[in-house]
Amino acid sequence: APLAGDEDFGLDAVEPLFFHPLGDWQGYGDMATYLNFDKDFDKDFFYFCHIHAGMSGRVKLVDADGNKMSEEDTPELPYKYAQVGQFDLDCGTFNTTGFKLTTEESGPGDKCPGFFVCADEEVEKSGYATCVEAMNCHMIQSMTTYAAGTSELFCHQMIPHHQNAVNMAKALLKAHPDTLTCDTSGPVEEGSVQPWACDLIPVLYDIVNVQNSQIIDMRDALDQLGAEEYNNCDMRFGELTAPAAPAMRRRTEEGDVNYPYVSGADCEPCAGTEGECTVVMKVNHHAGELGYYMVDGCEGVNPTLHLTKDRVYKFDQTEKSNWYHLIGLAYFPDGAHEGVDELEPGIAPGDSTCAEDLTCPAPMYFMDGKYQGVFSNIESIAPLAGDEDFGLDAVEPLFFHPLGDWQGYGDMATYLNFDKDFDKDFFYFCHIHAGMSGRVKLVDADGNKMSEEDTPELPYKYAQVGQFDLDCGTFNTTGFKLTTEESGPGDKCPGFFVCADEEVEKSGYATCVEAMNCHMIQSMTTYAAGTSELFCHQMIPHHQNAVNMAKALLKAHPDTLTCDTSGPVEEGSVQPWACDLIPVLYDIVNVQNSQIIDMRDALDQLGAEEYNNCDMRFGELTAPAAPAMRRRTEEGDVNYPYVSGADCEPCAGTEGECTVVMKVNHHAGELGYYMVDGCEGVNPTLHLTKDRVYKFDQTEKSNWYHLIGLAYFPDGAHEGVDELEPGIAPGDS
């Protein structure tokens, strides 16, 4: 590039892309960062990760003869690189070695339930299953807490919960290093035919990278709340038994007389008016498992919309709850999820011949007031044209981008003019979450229905939730509420997760949390044998628990959890704790619900049952008064294979531009560490020559969510210290 002095060095354009979905990120092409350190400087500097703290590596400047500009290692690196024990190395996990269930503990347990993967005489328990049980033991012990405040309690629950998910994903990646392969370039629409590994691979990498990043956000929130990062109580388990017969843990509640959400109610948007009609869409996350649509001016959820033939409708999805819920239109429920006909220019309704010239009714997708397609049957907003492009391919990927980015793209709207005769109903649905379809009835200019019958049939009933779930803001936890009798010694669940404190009364949110955790523990016990099957059987209820916990916190703080989340916020910048938590909460609800669908699809392709649970009964359970810290960072052992901080000179003995190929080893520590091709171990100390051009190549998949930065002190932006920027001088320059 031409030599120029300017404050723009490309970071603001590139960094947000590392938060986009894996397939999108890969589709952007090669990712590289160039450096030419051309000033005298007698200290070291550091490479670090812009998204995950604690991954810094040292850089020592050398002159053209290879002499170090600084012999001392200064500034100091304020932490040691973590090492893991042999059990974690074998599993591919972090900090589970101290929670491995021994032979003595695998029957009745003491500090944990004795099993999560139940015995099957025909199938030997795998090594992966043993790893899973240790992860779950760590999580159960770590999710017990004295935390009183709702936001504090959420973080104390969700940090070890996320650590468990990360460990489970890393363990599966290690267990299947060769078989878990798939071309994940570009977004894949829900419902398209693809191998089960293509469903799981993005889920695994998302869990590892996104949830590790969210752990940092929640630790920041705890710090601002003045709360301890760890405030655990300890549990001791008595006798534990499991029946031979599997017990199904999914219980869809039928609700009760107080259920407030009417579903399918008839509604005519803009009744009594003429001209273009704006239909304001929202999503009620508390009305069912995945949420249901709401329409301003209509009663309840997923109303039956009466739309007039030849009238223009604008479905406005700008409101925040629509994130991850792009509306689609189809001739049958659930559209792409079921592989049925959608409203597209080349798909004719009834006997129309419109498919021949690609002019059939279809949604027209807009972003920030600009049409993203070519097809048009609405002359007032775009020239009339027959074409297969109606903007979906441009807009749909944006609904997978981080919440702040999505909000920054501007208004989201979908236009429709159904201008053909049709004697059946059609449906609106969510392109990302299945099971959210609502009926559309066409009417003529006089308000007469084109079809009196409700056809095609909607193949499912809308879910209803019980009073306890309504109060909590959750789904399917009513049957797992701990009664007074169970809150001491438990039977089907441990009797408590939020421990008694004489000074602070247990909150309603805490009662909700205990029910969610009871559901999760019972649902994560399984007879599943295959590793991928076992992962899904563990992770589906695990995700359901996270979603419930996030929805409950949103309900508990409808007014106080507010923040301007427009645009990405770099780790380490000063912002209110609610700004850390809000994107995390919405991400958990929307992304993990979407991943539940992916894992159900994977189980279906594997020929595995969606539910294959065994049941546990808990004996006496006690908790000591003194809190017990659950985080145990392993010191490793003599077999630890990852050397850290080893000296390395990239492109030694060569001249000219030097390419430094970066990768991330996710198994070497809690958040992962960098690896450099040609260098030994992790986070090597790089010897870089002054005035030489270096290209840090981060194209390899493991770099996703790990954009490299360069700073004069460890961890750069995370610590608010000086980075290598055009306006920040090294030394006396």
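See the structure above.
Here's a quick rundown of the structure. These numbers come from a predicted model, not from an experiment.

Let us look at the sheet that holds strand β24 (residues 708-711). Taken in spatial order, the 5 strands of this open sheet run β19-β22-β3-β2-β24, and their pairing is mixed. Either end of the sheet is taken by a strand with one partner, and the two such strands are β19 (647-648) and β24. In this structure, strand β3 (residues 57-62) lies alongside strand β22 (residues 685-689), joined through 4 bridges in parallel fashion. Of the residues in β22, the one forming a bridge with valine 62 is threonine 689.

In this structure, Phe45, Phe154, Phe315, Phe426, Phe535 and Phe696 are the most contacted members of the largest nonpolar core, which totals 165 residues. Every residue in contact with phenylalanine 315, bar those within four places of it in the chain, is listed here: Val279, Met281, Leu305, Leu307, Ile327, Met412, Ala413, Thr414 and Leu416.

We now examine the packing of helix α4 (residues 127-142) against helix α11 (residues 531-556). Across the interface, α4 lies against α11 with an axial gap of 10 Å and an inter-helix angle of 20 degrees. Looking at the two axes, α4 sits roughly parallel to α11. When the axes of α4 and α11 are compared, the crossing they make is right-handed. The residues of α11 that touch α4, namely those facing Tyr128, Ala129, Val132, Asn136 and Met139, are Thr531, Leu534, Phe535, Gln538 and His542. Counted by class, the contact of α4 with α11 contains 6 nonpolar, 4 polar and no charged residues.

Moving on: the environment of methionine 294. By the element assignment, methionine 294 lies in strand β8 (residues 292-295). Remark: the alpha-carbon pair of methionine 294 and asparagine 284, spanning 10 residues in sequence, is separated by 6.5 Å. The contacts of methionine 294, once residues within four sequence positions are left out, are Val280, Met281, Lys282, Asn284, Gly300 and Val301.

Moving on to the state of the cysteines. What the rule picks out here adds up to 7 disulfides. The partner cysteine of cysteine 91 in its disulfide is cysteine 131, sulfur to sulfur 2.0 Å. Taking the sign of the S-S torsion, -85 degrees for the link of cysteine 91 and cysteine 131, the bridge is left-handed. With cysteine 91 in helix α3 (residues 86-91) and cysteine 131 in helix α4, this residue pair connects regions lying 40 residues apart in the sequence. Of the two residues, cysteine 91 and cysteine 131, neither departs from the other in class, the shared state being buried.

Okay, the pattern of salt bridges next. Scanning the model with the defined rule gives 19 salt bridges in all. Between lysine 309 and aspartate 310 there is a salt bridge, and its shortest N-O distance comes to 3.0 Å. Note on aspartate 310: relative accessible area 45%, which makes it partly exposed. Note that lysine 424 is salt-bridged to aspartate 423, the shortest N-O span being 4.0 Å.

Okay, a negative patch on the surface next. Taken together, Asp6, Glu7, Asp8 and Asp12 make up a surface patch of like negative charges. Mapped onto the fold, aspartate 6 is located in the segment before α1 (11-14). Judged by relative accessible area, which is 47%, aspartate 6 ranks as partly exposed.

Thresholds, definitions, all that
- Residues numbered from 1 in each chain as written.
- Predicted model: local features only at pLDDT ≥ 70, side-chain atom pairs only at ≥ 80, totals over all residues.
- Heavy atoms only, no water.
- Pairing = 2+ DSSP bridges.
- Helix = DSSP H or I, 4+ residues; strand = E, 2+ residues; numbered from the N terminus.
- Core = buried A, V, L, I, M, F, W, Y, C linked by side-chain atoms within 4.5 Å.
- Buried < 20%, exposed > 50% of the residue type's maximum accessible area, 1.4 Å probe, protein only.
- Contact = heavy atoms within 4.5 Å.
- Axes fitted to C-alpha atoms, helices over the stretch in contact; angles between N-to-C directions.
- Parallel < 35°, antiparallel > 145°, perpendicular 65-115°, else oblique.
- Left-handed = near helix turned anticlockwise from the far one by under 90°.
- Nonpolar A, V, L, I, M, F, W, Y, C, P; charged D, E, K, R; others polar.
- Disulfide = S-S within 2.5 Å.
- Salt bridge = Lys/Arg side-chain N within 4 Å of Asp/Glu carboxyl O.
- Patch = residues over 30% accessible without salt bridge, like charges linked within 9 Å, V, L, I, M, F, W, Y side chains within 5 Å.
- Areas by Shrake-Rupley, 256 points an atom, 1.4 Å probe, with all protein chains shown as cover.
- Lys, Arg positive; Asp, Glu negative; His and termini not counted.
- Charge placed at Lys NZ, Arg CZ, Asp CG, Glu CD.

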